[in-house]
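The lines below spell out each chain.
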Amino acid sequence: MVDRKVIIINSDELFCALGSEKSALLKHNYDLQVHSKSGESEKDIILFFVNSVARDLAQLWKTLERSRPTIVLLNCELSAQTFHEVTQQDLSHLWAVMRVDQIDLFGQNHLQNSLGLLGRLLDAYFSQIELEHYSTALNQVLASTLAELHRARHIHEKIVPVRRQSLKNFEILSKYGAGDSPGGEFFDVAISDGTLAYVHFSSNSYVLNSKALTVFEVWRPTYNGQYSSLDELLKLLSREAIPYQNRGQNKSNDNRPALELCLFQINNKTLEVCGWLFGGFSMISTNGLVFDKKDFPVSPTFADQAYISFKLERGGKLLIISPGVHYNSGGFLNKTPILKFGLENITAPSLKCVNEIFFQLKKGDDSEFYKYDVTATVIEVSQNAIIKI
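Caption draft 1: Region of the structure containing the packing of aromatic side chains. All chains considered together, the criterion is met by twelve aromatic pairs. Seen from their ring centres, F296 and F302 are 5.8 Å apart, and the 20° between their planes marks the pair as stacked. F302 gets classed as partly exposed once you look at its relative accessible area, which sits at 27%. An aromatic cluster of at least three residues, connected via ring pairs, comprises F186, F201, F216, W219 and Y223. When the ring centre of F187 is taken as origin, the NZ or CZ atom of R163, which lies over that ring, is 4.5 Å away. Its end group placed over the ring of F358, K175 keeps NZ or CZ at 5.4 Å from the ring centre.

This is how it looks when you write it as structure tokens:
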């Protein structure tokens, strides 16, 4: 709250002109203080009372420049032309100039009206200062929050710019970029004897994202490498997604599905892959296999339509491109359709492949964040993988 302090120049003359009753009313509503050079804040109102009918205007300008008041209250018999000259002076510190007759300062029978206009003027000034105060505070909070977001982003880039995971027969390398839209992307793997399960989902809701993550963390210890176990996770995630279906599209311009899912498992011994793609995920392998977006909601009802099955090879790679890559790029990287771009780059070293995707996504974009979360993952099969023929 801003202090309602009013510093008065020529206070004795003002109080004398007002009389005791009206002076008491003014003192009741405001913190009135005598003008001095010390202890004044730039936020304080300085009220200059000019009580002379024959004031030398040239001298008045000099006085105003020296004392730098906020409001000038003129108890002078000035013509309209002269008053206009007063109000048009180039005195940037002046906030208002008023004549006594404008506020009926000396009216004997108009106590409520006598100080009403001056009171409203003072209140308006204090309200303006208070708004400026809150605006400054809000800007400081926003600046601090933005600085923290930038700091967190840079720390994230330095600590985990790329995620690498070495498993039996496989090397997994992925890169993630944060977006500033609701929801987000998450991926992880679950390991059971002889089988690797890959779980990657994208959501348009922070709440649904959190629920899906909780489901995965509860399910992961129960994974036994069987297809039925993977099917159970699909059912659990579908159950969480149902209440959010079509909710976001009705309230905003965000047309992303509530939940998109890439869920499959790889048999370590045979390199056989089976699972499902729901939504905007794409998969590309070095042997030329391409699985593009399958626009079905995450549900066992559409499991047959979303089903994928193929086989990897020694030294082969599998590139998984998240929905965020499609949403942020408009379907093209370096003016090339994403699937074709992936096929052209998958044979490069895994790190170079994902870095090229992220470079093309950011080319010509100076913003700190992507519009949507993005993830690119490469699963590479060891040249020395021992597999069952």
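Caption draft 2: Main features of the environment of T336. On the secondary structure map, T336 appears in strand β17 (residues 336–337). Overall, T336 belongs to the buried group, its relative accessible area being 15%. Beyond its immediate sequence surroundings of up to four residues, T336 is in contact with G331, F341 and E344.

Caption draft 3: Structural view of the nonpolar core. Counting 26 residues, the largest nonpolar core has W219, L234, L261, L263 and W276 as the members making the most contacts within it. Going through the elements one at a time, β8 (184–192), β9 (195–203), α8 (206–219), α9 (227–241), β10 (259–267), β11 (272–278) and α11 (303–306) are the ones with two or more residues in this core. In contact with L261, other than residues within four places in its own chain, are H200, F201, L234, L237, W276, L277, F278, F281 and V298. Of all hydrophobic cores here, the second largest spans 24 residues; its members include V189, L271, L277 and I387.

Caption draft 4: Here's a closer look at unusual backbone geometry. At N169, a residue that is not glycine, the phi angle is positive and equals roughly 75°. The topology assignment puts N169 in the loop between β6 (163–167) and β7 (170–177). A residue is classified by how much of its surface remains accessible, and N169, at 13% relative accessible area, is buried.

Caption draft 5: Representation of the sheet that holds β10. A sheet is described by the order of its strands in space; here five strands give the open sequence β8-β9-β10-β11-β14, paired in antiparallel fashion. One side of each edge strand has no neighbouring strand; the edge strands of this open sheet are β8 and β14 (307–311). Each strand of the sheet is rotated relative to its neighbour by a mean of 15°, with strand direction disregarded. As paired elements, β10 and β11 share six bridges and run antiparallel to each other. Bridged to L261 within β11 is F278. Packing against the sheet, α9 makes contact with β9, β10, β11 and β14, and its axis sits at approximately 170° to β10.

Caption draft 6: Structural view of helix α1 (residues 11–18). For α1, the complete set of buried residues consists of S11, L14, A17 and L18. Considered in projection along α1, the buried side chains sweep an arc of 130° and stay on one side of the axis. Facing away from the buried surface of α1 by more than 90 degrees, the exposed residues are D12 and C16. At the C-terminal side of α1, G19 shows a positive phi close to 90°.

Caption draft 7: Spotlight on the side chain of R256. Note that R256 resides in the loop between α10 (247–251) and β10. On the basis of relative accessibility, which here comes to 6%, the residue R256 falls in the buried class. For R256, the side chain forms a polar contact with the main-chain oxygen of P182, separated by 2.9 Å.

Caption draft 8: Fine view of the side chain of K294. Along the polypeptide, K294 turns up in the loop between β13 (290–291) and α11. It turns out K294 is buried and unbridged, and the closest side chain with the opposite charge, D292, is 9.3 Å from it. Beyond its immediate stretch of four places on either side in the chain, K294 contacts L277, F278, G279, Q305, A306, Y307 and I308.

Caption draft 9: The arrangement of the sheet that holds strand β12 (residues 282–285) in detail. An order of β6-β7-β18-β15-β12-β13 is seen for the six strands of this open sheet, with the pairing classed as antiparallel. A single partner strand is all that each edge strand has here, and the edge strands are β6 and β13. When β6 meets β7, the two strands line up antiparallel, connected through five bridges. By the bridge assignment for β7, L167 is matched with F170. Its contacts with the sheet put helix α13 (residues 338–345) on β12, β13 and β15 (317–321), and the angle it makes with β12 is roughly 30°. Those strands touched by helix α14 (residues 350–362) are β6, β7, β15 and β18 (374–381), and its axis lies near 165° from that of β18.

The rules behind these values
Residues numbered from 1 in each chain as written. Predicted model: local features only at pLDDT ≥ 70, side-chain atom pairs only at ≥ 80, totals over all residues. Heavy atoms only, no water. Phe/Tyr/Trp six-rings, centres within 6.5 Å; stacked < 30°, edge-to-face > 60°. Buried < 20%, exposed > 50% of the residue type's maximum accessible area, 1.4 Å probe, protein only. Lys NZ or Arg CZ within 6 Å of the ring centre and 35° of its normal. Helix = DSSP H or I, 4+ residues; strand = E, 2+ residues; numbered from the N terminus. Contact = heavy atoms within 4.5 Å. Core = buried A, V, L, I, M, F, W, Y, C linked by side-chain atoms within 4.5 Å. Pairing = 2+ DSSP bridges. Axes fitted to C-alpha atoms, helices over the stretch in contact; angles between N-to-C directions. Arc of directions from axis to C-beta. Polar contact = N/O pair within 3.5 Å; in protein donor to acceptor, adjacent residues only side chain to side chain. Lys, Arg positive; Asp, Glu negative; His and termini not counted. Salt bridge = Lys/Arg side-chain N within 4 Å of Asp/Glu carboxyl O.

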